[in-house]
Amino acid sequence: MSKYLICILLLTLCILPTTLVAQEVDLATQKITNQKIDSLLTVAATAIENNDYNTSAQIMTRARILAEKTNNKGRIGLASSALSRLYLLTGNIKKAKEENDLAIKMQLGSTDYEENLGQSYITAGKIELQERNYPQASEYFEKAKEILKNKRRPELLSKVYLNQGIIALTKNNPQKAGELFDLAILQANDAGNKFLVAKSNIQKAEVLILLKKIDEASIAINTAQEISVSENYPALLSESYRISSHIAKEQNDISKAYDHITLYNSYIEKNRKNKEVPIVIDQFSNDKVLGNQLKKDIELERARSVKANRFITVLSIAMVTILSLLILSLYKNNNLRTKANELLQAKNTELIVAKDNAEKASMVKAQFLSTITHELRTPMYAVTGLTHLLLSENPTPEQKKHLDSLKFSGEYLLSLINNILDLNKLEANKVEVEQTAFNLKKRIEDVLFALGKSAKDKGNKLNFEFDQDIPEEVLGDPLMISQILINLVGNAVKFTRDGNVDVRVQKIRQTETEAYLHFEVEDTGEGISKKKQKNIFQNFTQGSVAINRKFGGTGLGLSIVKNLLDLLGSKVELESTLGKGSTFSFDIKYNLTKQAGEESNPHNIIYDIDYVALENRKILVVEDNKINQMITRKILEKNKMQCDVADNGEIAVEKARSQNFDLILMDIHMPGISGIEATEQIRLFDKEIPILALTAVTIDENIDEFHEAGFNDIIPKPYKVEEFFQKIHNGLKQAKVFN
C-alpha cells in the first residue's frame, strides 16, 4: 500500500509542475492580453477627447475583437459599452443599440459586472429616450437605479435621476421632475462631476420657469453658466443662454433676453456650418466626459481582474517556486520579454494616433494661412491705395496729419500681417533685419500718435520721455521698433483705464559708432499674476480666458515682441503686480550714421522712374474686385496713363487678343479661369507684351510657377506706389516700349 501511495505521489509530483506551469502561462498570457486591450481602450479614450471619433471607434472595435478571442466577458462588455456610448454620442442609434445589447449580454448573471450592467442599462434608457419610447426608457432607468443605489456610484445615479426627470417633464409633471433634478444635483456634487451639476441645474431652471419660480430659476441657471464658463462646456453654456433668455423675458428684461437668445443662435449656427463636428444627440455627454468615463471603467476592470486572479496567481507562484525554481526563472524572463513587446506595440498605436493628429493639425494650419493671406492683403490694398489717393488730392494740413498717421498704421499693419502669417519663419530667425537710417524719436511719436485716440477713449494719458543725448538719426530697422512699441504700448492702453502709460527711452552708453538704448513701457493697468508671467510670451496666450473676453485680442502681440527682440539680440523683461500695473523693458544697440535729414525714404530705396515716359501708355488691369479696380485705375490715370479693365480672366484674354496694350496687370485669384491660366493663354498668341502679377497671395513658394506661366514680374498687394510704378517702368523698358 505504501509503495502504491509513493507511486501516486511521484506521479503527482511529475504531473503537477507541468500543470501549474501551464496554468501560470495561461494566466500570464491572459494578463498580457488584458493589458493590450486596456492600452487600446486608453488610446481610444484619448482619441475621443481629441474629437477623433472614427479612430476611437476603430480602436475600440479592435479591443472588443481581441477580448472575444480570449472569451473575456468583462472586457467584451467594457469595449461594447464604450462603443455604444460613442455611437450614441455621434447619432448612430442602430449601432449604439447593437453594441449595448452585446454589453448587457456579457454582463448579465455576474455580480462582478453589476456596476457595468447599471451603466449599460442607463445607455439603453438613453437610446429608448432618443426613440421617444418613454415606458421602455423608464423601465431601463429603474433597473439601473436598483443596481446602482448600493454601489456607491453617485455619478451614475445622477445620470439616472437626470433622465428620469426629463421623462417626468415630458409627462407634464414638473413637480416630480424638479425633485428628480434636485437628486441628480446632489449625486453629481457627491461625485464631483461638474458637467452633470451644470446640466442638472439647466434642467431644474426649465422646471422652475414652468412653476413660475423665476428667482429660483435665475439662481440655478447662473450656477450652470458659471460652471460652463470655468470648465469650458460650450454646448451647455449655449443651452443655458436659451433658458436664461426665457428668464429675462419673464423678468421684462427684453435687452438681456435678446442678447442671450442671440448667443444661443450663434452657437447653433456655428455648429451647423462646422461639418467636422458630429451631430451630438446624447445631451448628457461630451468628449471629455465620455473619455474620462472610459478611463475610469478601464481602471475598475483592471482592479476586478487583479482581485479575481490574486489567489490563483499566488498559489501558482508558490507551488511553481517549491517544485522548480529554474522553470520559474526561465518563464519569468520570457514573460517579461513578451510583456515588453506587447506594451511596445500598444505604445506604437498611441504614437500613430498622435502622429496622425499632428499631421491633421499641420494641414489645417497650412490651409488657414494660405486662405487668410489673401483675405487680409486684399482689404489692406484698399486701405493703402485710398490713403495714397487722398494724400495726392491736396488735403488740408489737419487732414494730412491724420492721413500720414493712417499711412503709418497701414504700413505697420501690413508688416504685422506678414509676420503673423509667416510666424514660423519669424521663430526660425529667417526674417532679415534691415539697417537703414531713420529718426528714432519721430518713429516713436508716430506710434504714440496712432494710438492716441485709443488711449483717449479709455481715459488714459500717454507720456513720452526721450533722452536728449540720443542722436537724432540711428541705423537700424525702423519697422521692427515700430512693431515692438505698437504691441507693447497698445497692450498697455488696452489693459489700462483712466490711468497713465509712460514710454521712456534712455541712453545707456555711446561710442563713436554705436549707441546703447534702454526702452521702457509702463502702465497703471490690470497687471499680470506671477503664474501667468511664465507663459505670457507664448503664441496665442493672454492672462486668462476672462481677460480675453473682456479686452479681446489674439494673444500674439507679446510673442511677436519676443521674437523680434531675439532677432535684434535683445530680450524683453517684465515686472508686474496684479492690480497695480506692468513695466516692459528691453535694450537695443543701434549703429550711428553721420547722414542728416528726415526719414523721407525708410528703406533707402532710390526709385529711377521716368514718369513722362509712362504718359499715355495703355494698361489693361485684370481685377474682379471693384474697389481694387477703382484704386488701381485712379493711381494710373493720375499719372496720365490710359487704363482699361477686365473683370475676369476670360475677358482679359479676349481683350488682349483684339486690342493693343503696352502692359497687363493681372490678378491671380478670380472667378472662372485664374490669372495664371489667363496668362498662359495670352502667351500662346503674344509672347512680347509685359504681364505683371498684381496679387495678394504670398509669392515666396509660388514664384517659379508665376515665371513658368509667363509673368515678367510680380507686384504683391498692398504695395508702395513708388514700387508699383518702378515695376511698371521696368516692364515697359525691358519690352523696349521706350528706351
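Report on the accompanying structure.

Analysis parameters
- Every residue gets a number counted from 1 within its own chain, in the order that chain's sequence is written.
- For a predicted model such as this one, the threshold for reporting local features is a pLDDT of at least 70, and the threshold for listing and counting side-chain atom pairs is 80 or more; totals across whole chains, interfaces and linings nevertheless cover every residue.
- Hydrogen atoms and water are omitted, and side-chain values are computed over all heavy atoms in the structure.
- Helix and strand labels come from DSSP, where a helix needs a run of H or I of at least four residues and a strand needs a run of E of at least two; each type is numbered from the N terminus.
- Here the expected span of a helix is defined as 1.5 Å times the quantity of residues minus one.
- Think of it in three bands: residues with accessible area under 20% of the maximum for their type are buried, residues over 50% are exposed, and the middle band is partly exposed, with areas taken using a 1.4 Å probe on protein chains only.
- Here, axes are lines fitted to C-alpha atoms. For helices the fit covers the stretch in contact, and angles between N-to-C directions go from 0 to 180 degrees.
- Roughly parallel refers to an angle under 35 degrees, roughly antiparallel to one over 145, roughly perpendicular to one between 65 and 115, and oblique to any angle outside these ranges.
- Left-handed is the label given to a crossing in which the near helix is rotated counterclockwise from the far helix by less than a right angle, and right-handed is the label when the rotation is clockwise.
- Contacts between residues were defined by any pair of non-hydrogen atoms, one from each residue, lying within 4.5 Å.
- Residues are grouped as follows: nonpolar covers Ala, Val, Leu, Ile, Met, Phe, Trp, Tyr, Cys and Pro; charged covers Asp, Glu, Lys and Arg; every other residue, Gly included, is treated as polar.
- When DSSP finds at least two bridges between two strands, those strands are taken to pair.
- What is meant by a nonpolar core is a set of buried Ala, Val, Leu, Ile, Met, Phe, Trp, Tyr and Cys residues, joined one to another through side-chain atoms within 4.5 Å.
- For patch building, the residue pool is restricted to those with more than 30% relative accessible area and no salt bridge; the joining distance is 9 Å between like charges and 5 Å between nonpolar side chains (Val, Leu, Ile, Met, Phe, Trp, Tyr).
- Each accessible area value is a Shrake-Rupley result obtained with a 1.4 Å probe; residue values ignore everything except the protein chains displayed when judging cover.
- The rule for a salt bridge is simple: a side-chain nitrogen of Lys or Arg has to be within 4 Å of a carboxyl oxygen of Asp or Glu.
- In this analysis, rings of Phe, Tyr and Trp, with Trp reduced to its six-membered ring, are considered paired at centre separations within 6.5 Å, and the interplanar angle assigns stacked below 30 degrees, edge-to-face beyond 60, and tilted for intermediate values.

## Notes on helix H2 (residues 53-69)
Okay, so step 1: Helix length check: H2, at 17 residues, gives a terminal C-alpha distance of 25 Å against a target of 24 Å (1.5 Å per residue), a fit within 8%.
Okay, so step 2: Every buried residue of H2 is listed here: Tyr 53, Thr 55, Ser 56, Ala 57, Ile 59, Met 60, Ala 63, Arg 64 and Ala 67.

## Looking at the packing of helix H9 (residues 194-210) against helix H11 (residues 234-250)
Okay, so step 1: With their axes 10 Å apart at the nearest point, H9 and H11 run at an angle of 20° to one another. With respect to H11, the axis of H9 lies roughly parallel. The way H9 lies across H11 gives a crossing that is left-handed. Mapping the contact onto sequence places Phe 195, Ala 198, Lys 199, Ile 202, Ala 205, Glu 206 and Ile 209 in H9 and Leu 236, Glu 239, Ser 240, Arg 242, Ile 243, His 246 and Ile 247 in H11.
Okay, so step 2: Its residues assigned to classes, the contact of H9 with H11 comprises eight nonpolar, two polar and four charged.

## Let's talk about the sheet that holds strand E9 (residues 642-646)
Okay, so step 1: Taken together, five strands build an open sheet; the order of strands is E9-E8-E10-E11-E12 and the sheet is parallel. Bordering the open sheet on either side are E9 and strand E12 (713-716), each of which pairs with just one other strand. Shown here is a sheet whose adjacent strand axes are inclined to one another by a mean of 25°, direction ignored.
Okay, so step 2: Running at roughly 135° to E9, helix H25 (residues 649-658) makes contact with strand E8 (618-622), E9 and strand E10 (663-666) of the sheet.
Okay, so step 3: Here helix H26 (residues 675-683) sits on the sheet and contacts E10 and strand E11 (691-695); the angle it forms with E10, its principal contact strand, is near 155°.

## Quick word on the nonpolar core
Okay, so step 1: With 45 residues, the main nonpolar core has Tyr 121, Ile 122, Leu 148, Ile 243 and Ile 247 as its most contacted residues.
Okay, so step 2: Listing elements by their share of this core, those giving two or more residues are helix H5 (114-130), helix H6 (134-148), helix H7 (154-170), helix H8 (174-191), H9, helix H10 (214-231) and H11.
Okay, so step 3: Among all residues touching Ile 122, those that are not within four sequence positions of it are Phe 141, Ala 144, Leu 148, Leu 156, Lys 159 and Val 160.
Okay, so step 4: Membership of the second largest hydrophobic core comes to 43 residues, among which are Leu 440, Ile 444, Leu 485 and Leu 565.

## Structural notes on a nonpolar patch on the surface
Okay, so step 1: Among the surface-exposed residues, Leu 386, Ile 627 and Met 630 lie close enough to one another that they form a single nonpolar patch of about 240 Å² accessible area.
Okay, so step 2: On the secondary structure map, Met 630 appears in helix H24 (residues 626-638).

## A word on unusual backbone geometry
Okay, so step 1: For Asn 172, which is not glycine, the phi torsion reads 60° and is therefore positive.
Okay, so step 2: Checked against the element boundaries, Asn 172 lands in the loop between H7 and H8.
Okay, so step 3: Residue classification places Asn 172 among the exposed positions, given a relative accessible area of 69%.
Okay, so step 4: Of note in this structure, Asn 616 is not a glycine but carries a positive phi near 65°.
Okay, so step 5: Mapped onto the secondary structure, Asn 616 falls in the loop between helix H23 (611-614) and E8.

## What about the environment of Phe 711?
Okay, so step 1: Counting through the fold element by element, Phe 711 comes out in the loop between helix H27 (703-709) and E12.
Okay, so step 2: Considering only alpha carbons, one finds Phe 711 and Met 666, 45 residues apart in sequence, at a separation of 8.9 Å.
Okay, so step 3: The contacts of Phe 711, once residues within four sequence positions are left out, are Met 666, Ile 668, Gly 675, Ile 676, Thr 679, Ile 691, Leu 692, Ala 693 and Phe 706.

## Let's talk about the pattern of salt bridges
Okay, so step 1: Tallied over the entire structure, the rule returns 22 salt bridges.
Okay, so step 2: Among the salt bridges present, the one from Glu 139 reaches Lys 143, with a minimum N-O distance of 3.9 Å. With Glu 139 and Lys 143 both in helix H6, this residue pair falls four residues apart, about one helical turn.
Okay, so step 3: Residue classification places Glu 139 among the partly exposed positions, given a relative accessible area of 41%.

## A word on H7
Okay, so step 1: Relative to the 24 Å expected for 17 residues at 1.5 Å per residue, H7 spans 24 Å between its end C-alpha atoms, a close match to the ideal helical length.
Okay, so step 2: Judged by how many residues are buried, H7 sits mostly within the fold: 15 of 17 residues are covered.
Okay, so step 3: A positive phi of about 60° marks Asn 172, the residue just after H7.

## Considering the packing of aromatic side chains
Okay, so step 1: Applying the stated rule across the entire model yields eight aromatic pairs.
Okay, so step 2: Aromatic pair Tyr 611 and Phe 725: ring centres 5.6 Å apart, planes at 70°, arrangement edge-to-face. Pair noted here: Tyr 611 is in helix H23 and Phe 725 is in helix H28 (residues 721-734), with a separation of 114 residues, a long-range link.
Okay, so step 3: For Phe 725, a relative accessible area of 1% corresponds to the buried category.
Okay, so step 4: Among the aromatic side chains, those forming a connected cluster through ring pairs are Tyr 611, Phe 724 and Phe 725.

## Considerations on the pairing of strand E1 (residues 436-439)
Okay, so step 1: Here E1 shows a buried face lined by Thr 436 and Phe 438 and a second buried face lined by Ala 437 and Asn 439.
Okay, so step 2: Bridge count for E1 against strand E3 (residues 473-476) is four bridges, and the pairing is antiparallel. When the bridges of E3 are listed, Thr 436 appears paired with Gly 476.

## Quick word on the environment of Leu 578
Okay, so step 1: As for its placement among the helices and strands, Leu 578 is situated in the loop between strand E6 (573-577) and strand E7 (581-592).
Okay, so step 2: With relative accessibility at 58%, the residue Leu 578 sits in the exposed group.
Okay, so step 3: Leaving out residues up to four positions away in the same chain, Leu 578 has contacts with Glu 526, Gly 527, Ile 528 and Ser 529.

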